[in-house]
Amino acid sequence: MLTEIRRIIEKIYAKEENSFFIERCQRKLDFLDDLSKKTSGYCRMIHLSDELDDPAVGLHFDIGEFSQGEFHVKYSSVLLISKVYDAFYLHHEFAVDNLDENRIEPILDGFDDQPYSKMQYMLDEAVTSFLQSENYIRLSYADMQEVIPNIDIPENCIFGTQMTVENAIFRDLWNLCS
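Residues numbered from 1 in each chain as written. Predicted model: local features only at pLDDT ≥ 70, side-chain atom pairs only at ≥ 80, totals over all residues. Heavy atoms only, no water.

A. Region of interest: the pattern of salt bridges. Summed over all chains, the structure comprises nine salt bridges. For glutamate 17, the salt bridge identified is with lysine 11, shortest N-O distance 4.0 Å. Lysine 11 gets classed as partly exposed once you look at its relative accessible area, which sits at 23%. Of the charged contacts, one joins arginine 44 and glutamate 65 as a salt bridge, the two residues approaching to 3.6 Å between their closest N and O atoms. A residue pair is termed long-range when its members are at least 10 positions apart, and arginine 44 in the loop between α3 (32-39) and β1 (45-49) and glutamate 65 in strand β2 (residues 56-68) qualify at 21 residues. In this structure arginine 44 comes out as exposed when scored by relative accessible area, which is 53%. What you see here is one network of salt bridges that share partners, running through Arg24, Arg27 and Asp86. (Salt bridge = Lys/Arg side-chain N within 4 Å of Asp/Glu carboxyl O. Buried < 20%, exposed > 50% of the residue type's maximum accessible area, 1.4 Å probe, protein only. Helix = DSSP H or I, 4+ residues; strand = E, 2+ residues; numbered from the N terminus.)

B. Examining unusual backbone geometry more closely. Backbone geometry at asparagine 150 places phi at a positive 65°, although glycine is not the residue there. With respect to the helices and strands, the residue asparagine 150 is situated in the loop between α5 (141-145) and α6 (165-170). The exposed category is assigned to asparagine 150, whose relative accessible area is 80%. A positive phi is found at asparagine 175, a non-glycine position, where the angle reads about 55°. Along the chain, asparagine 175 turns up in the segment after α6.

C. Layout of the environment of glutamate 101. Within the secondary structure, glutamate 101 is located in the loop between β4 (87-97) and β5 (107-112). Looking at glutamate 101, the relative accessible area reads 76%, which means it is exposed. Here the alpha-carbon distance between glutamate 101 and valine 73, two residues 28 residues apart in the chain, equals 18 Å.

D. Geometry of the side chain of serine 82. Position of serine 82 relative to the elements: it lies in strand β3 (residues 71-82). For serine 82, a relative accessible area of 0% translates into the label buried. In this structure serine 82 touches Arg27, Pro55, Ala56, Ala87, Tyr136, Ile169 and Phe170, once residues within four positions along its chain are discounted. (Contact = heavy atoms within 4.5 Å.)

In short, shape yes, function no, at least from these values alone.
Here you go:
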């Protein structure tokens, strides 16, 4: 984990500087319209989730579908931008109809940091280039799942039993902003 991210997480959770977290969550990311314009050519639709007091902004990109014979696949991508620390996480998804007569699930799906289609690749390049020009760093799935030792999370948390980088800078587990 980056030293700066560790410092921010310790400031918020170990030193309990709640006001810093709340202030960061309330900031508006002024570049979202420009980002949407830069990426709109790589998808059919962009769904934005930008609640004022949330620690992150989410964008869901509906990339499109491909069919050939009985084969049918849908592609999408998900971008999370942290307001707590200038970082983002982008992953790509697919969903394929499961035609196996012995199937349990009707859809086979998955996600990864790496794109599954050329359009996802071009979107990935555009998002990464744009956000890095805004001085944001990209976090991988492994970065997001890194456990932060010695920091407790609320009991019965639906996001697991350990504080991770994802929980720390993309979620408001303690409802500080509510």
